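If you want the building blocks of each chain, they are given just below.
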Amino acid sequence: SHTGRTNMFEVNSKSKLALRYHDTSVLEQHHAAVAFKILKDKDKNILAGVSEDDYKKLRKDIIHNILCTDMKEHAELSKSFKDLHQRIQEVGAKNFGWDTTDIRTFTGMLLHCADLSGTTKDFNIAYSWSLKINQEFTNQVRDEEKYGLPITPWYKDLDKKHIMAKQEISFITFVIKPMWEAFNEFVGGECDEQVQNLGKNLQEWEKIREQALKEAGEEASK
């Protein structure tokens, strides 16, 4: 099962998963392996009807796409996706010849966006997701301190609301929003709602941050 910790934690703690996957995209490789383990069950094998050749191709594509959810791949994937979009615009969608690399770039970005879609929901849902994820990060810092591992600096003090809000604002501003805006442009505005939600949610997090700072200041002055 998923450990609720990051790849870096798995590597630094020399976990069984890190040893198994040679410190490389540890959790993503684990996810891919578990997915195909599940597919071996006849009752769950949604690929049972495909040919052997198609299965081999699907397996490669599925593994590739899952590995694209590793945040270490974010910058390179974003660059490749931007380049793909530019090449399509230059010749026109009808004239563009998709090769395997292009298809994997698109599907990889599609899954990457889906994986990081929590903040694109209505704020009450997005906020709930953020609380759960930030609790995982806080628990990881406690384990890092407990076992003498390197502390992940941007996971520190997330139990303080103004710190959590600041990190959420940064993550949305510099990672999530640019990625979703690029994807939305690619699909001709089909994700307008998600992009608009990101703008609204940034404003909500800013309100939370300002209120938390105000409360912290009032508490300190007592």
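Coordinates for the structure precede this section.
Report on the accompanying structure.

Basis of the calculations
Residues numbered from 1 in each chain as written. Predicted model: local features only at pLDDT ≥ 70, side-chain atom pairs only at ≥ 80, totals over all residues. Heavy atoms only, no water. Helix = DSSP H or I, 4+ residues; strand = E, 2+ residues; numbered from the N terminus. Buried < 20%, exposed > 50% of the residue type's maximum accessible area, 1.4 Å probe, protein only. Contact = heavy atoms within 4.5 Å. Areas by Shrake-Rupley, 256 points an atom, 1.4 Å probe, with all protein chains shown as cover. Lys, Arg positive; Asp, Glu negative; His and termini not counted. Charge placed at Lys NZ, Arg CZ, Asp CG, Glu CD. Core = buried A, V, L, I, M, F, W, Y, C linked by side-chain atoms within 4.5 Å. Expected span 1.5 Å × (residues − 1). Arc of directions from axis to C-beta. Polar contact = N/O pair within 3.5 Å; in protein donor to acceptor, adjacent residues only side chain to side chain. 1 Å grid on protein atoms, 1.4 Å probe; cavity = no way out; pocket = protein on both sides within 12 Å on 5 of 7 lines; lining within 4 Å. Points joined across faces, edges and corners; volume = space filled by probe spheres on them. Nonpolar A, V, L, I, M, F, W, Y, C, P; charged D, E, K, R; others polar. Axes fitted to C-alpha atoms, helices over the stretch in contact; angles between N-to-C directions. Left-handed = near helix turned anticlockwise from the far one by under 90°. Salt bridge = Lys/Arg side-chain N within 4 Å of Asp/Glu carboxyl O.

Along its length, the protein carries nine helices and zero strands. The secondary structure elements of the protein, listed N-terminal to C-terminal, are α-α-α-α-α-α-α-α-α. Overall, the protein is about 70 × 45 × 30 Å in size when its C-alpha atoms are taken along their principal axes. Residue burial in the protein is summarised as follows: out of 222 residues, 35% are buried. Residue pairs at least 24 apart in sequence account for 62% of intrachain contacts in the protein once pairs closer than 6 positions are excluded. Taken as a whole, the protein presents about 14200 Å² of accessible surface, with 53% of it coming from carbon and sulfur. Of the charged side chains in the protein, 32 are positive and 36 negative; the average position of the first set lies 4 Å away from that of the second.

This part takes up the nonpolar core. Ranked by size, the top nonpolar core spans 29 residues in total, and within it Met109, Cys113, Ile176, Met179, Trp180, Phe183 and Trp205 carry the most contacts. For this core, the element with the highest residue contribution is helix 8 (residues 161-186), accounting for ten residues. Residues within four places of Met179 in sequence aside, it is in contact with His74, Met109, His112, Cys113 and Leu116. One finds Leu17, Ala18, Val26 and Leu27 within the second-largest nonpolar core, a separate group that totals five residues.

End to end, helix 4 (residues 52-67) covers 23 Å across 16 residues, agreeing with the expected 22 Å (1.5 Å per residue, within 8%). Regarding helix 4, the residues found buried are Asp61, Asn65 and Ile66. All buried residues of helix 4 project into a common sector of 130 degrees when viewed along the axis, lining one side. Of the exposed residues in helix 4, those oriented more than 90 degrees away from the buried face are Glu52, Asp53 and Lys60. Against the buried residues of helix 4 lie helix 3 (26-39) and helix 6 (100-115).

Within the fold, Gln140 resides in helix 7 (residues 123-146). Looking at Gln140, its side chain comes within polar contact range of the side chain of Thr152, at 3.5 Å. Discounting residues that sit within four places of it in the chain, Gln140 has contacts with Arg5, Thr6, Phe9, Thr152 and Tyr155.

Another point: helix 6. With 16 residues, helix 6 extends 22 Å from end C-alpha to end C-alpha; this agrees with the ideal 22 Å at 1.5 Å per step. In the core, the buried residues of helix 6 are packed alongside helix 4, helix 5 (74-91) and helix 8. Two to three positions downstream of the cap, the backbone nitrogen of Thr101 sits 3.1 Å from a side-chain oxygen, assigning the N-cap of helix 6 to Asp99.

Turning to the layout of surface pockets, a few remarks are in order. In this structure, the largest pocket occupies an estimated 1700 Å³ of space. As for the largest pocket, its lining consists of 47 residues, of which Thr6, Met71, Leu116, Phe137 and Tyr155 are closest to the centre. At the level of secondary structure, the elements contributing two or more residues to the lining of the largest pocket comprise helix 1 (7-12), helix 3, helix 6, helix 7 and helix 8. For the lining of the largest pocket, the element with the highest residue contribution is helix 7, accounting for ten residues. Looking at side-chain class alone, the lining of the largest pocket contains 18 nonpolar, 17 polar and twelve charged residues. A volume near 230 Å³ is recorded for the second largest pocket. Considering the residues around the second largest pocket, the lining is formed by 14 residues, among which Ser78, Phe81, Lys82, Pro178 and Ala182 are closest to the centre. Those elements that place two or more of their residues in the lining of the second largest pocket are helix 5 and helix 8. Ranked by residue count, the leading element in the lining of the second largest pocket is helix 5, at seven residues. In terms of residue class, the lining of the second largest pocket is made up of seven nonpolar, five polar and two charged.

The geometry of helix 3 relative to helix 4 is characterised by a closest axis approach of 8 Å and an angle of 145 degrees between their N-to-C directions. For helix 3 against helix 4, the interelement crossing comes out right-handed. Across the interface between the two elements, Glu28, Gln29, His31, Ala32 and Phe36 of helix 3 pack against Tyr55, Arg59, Ile62, Ile63, Ile66 and Leu67 of helix 4. Residue classes in the contact of helix 3 with helix 4 are distributed as seven nonpolar, two polar and two charged.

One pass over the structure, following the stated rule, counts ten salt bridges. Of the charged contacts, one joins Arg5 and Asp143 as a salt bridge, the two residues approaching to 3.0 Å between their closest N and O atoms. With a gap of 138 residues between them, Arg5 in the segment before helix 1 and Asp143 in helix 7 connect regions that are remote in the sequence. Taken as a pair, Arg5 and Asp143 share a single burial class, namely buried.

Any link to function would need more than the numbers given here.
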